[in-house]
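Structural overview
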Amino acid sequence: MEQKFVSNIKLLRKEFNVSQPQLAKETSLANSEISYWENGERTPNARVIIILSRYFQVTTDYLLKVNEDNTSVYRSDDYYADMTLLNKRLKDLRIKNKLSQSELAKNVNISQPAINYWELGKRTPNANAIITLANYFGVTTDYLLGESD
């Protein structure tokens, strides 16, 4: 996944004719973090994925290369990512599937404390975890992140 994200973020920056420093300034993200993502040294978390998908006006699925559809969906300068829907949807999906946090953790090979923190909103999952969870529950990353219904 990281290589796909790297290639998409670079491609989108070029399409939008925006430099790393300009992207950092316009989204209030750290220039060094953008560099790390583009070099494949780090993976962004859920909040950052939403911010970047809104900035580039693409779905999170497209940004993460889960879906190749480059449909523009956002026409707003509001890049703030409200993570409350992620917390709620993750918990709702887990309960709907009659899973405990421990069972979900075992099924997706993610620690139970991580799932607990995500459901409580104390932390946000990274891109790899978002894709894993979306695939496991059969939903899009956009849905899981609260960017679509």
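Since the model is a prediction, treat every value here as computed from it, not as a measurement. (Residues numbered from 1 in each chain as written. Predicted model: local features only at pLDDT ≥ 70, side-chain atom pairs only at ≥ 80, totals over all residues. Heavy atoms only, no water.)

On to the side chain of Gln101, then. Here Gln101 is to be found in helix 7 (residues 101-108). Looking at Gln101, its side chain comes within polar contact range of the side chain of Asn116, at 3.3 Å. For Gln101, the residues in contact, after removing those within four places along its chain, are Arg94, Gln112, Ile115, Asn116 and Glu119. (Helix = DSSP H or I, 4+ residues; strand = E, 2+ residues; numbered from the N terminus. Polar contact = N/O pair within 3.5 Å; in protein donor to acceptor, adjacent residues only side chain to side chain. Contact = heavy atoms within 4.5 Å.)

Turning to the nonpolar core, a few remarks are in order. Counting 40 residues, the largest nonpolar core has Leu52, Phe56, Leu104, Ile110, Trp118 and Leu133 as its most contacted members. Counting residues per element, this core draws most heavily on helix 4 (residues 46-56), at eight residues. Once you skip the residues sitting within four places of it in the chain, Ile110 turns out to touch Ala105, Ile115, Trp118, Ala129 and Leu133. (Core = buried A, V, L, I, M, F, W, Y, C linked by side-chain atoms within 4.5 Å. Buried < 20%, exposed > 50% of the residue type's maximum accessible area, 1.4 Å probe, protein only.)

Tracing the backbone through its elements, the reader meets Gly121 in the loop between helix 8 (112-120) and helix 9 (127-137). The spacing of Gly121 and Leu85 is 36 residues in sequence and 9.7 Å in space, taken between C-alpha atoms.

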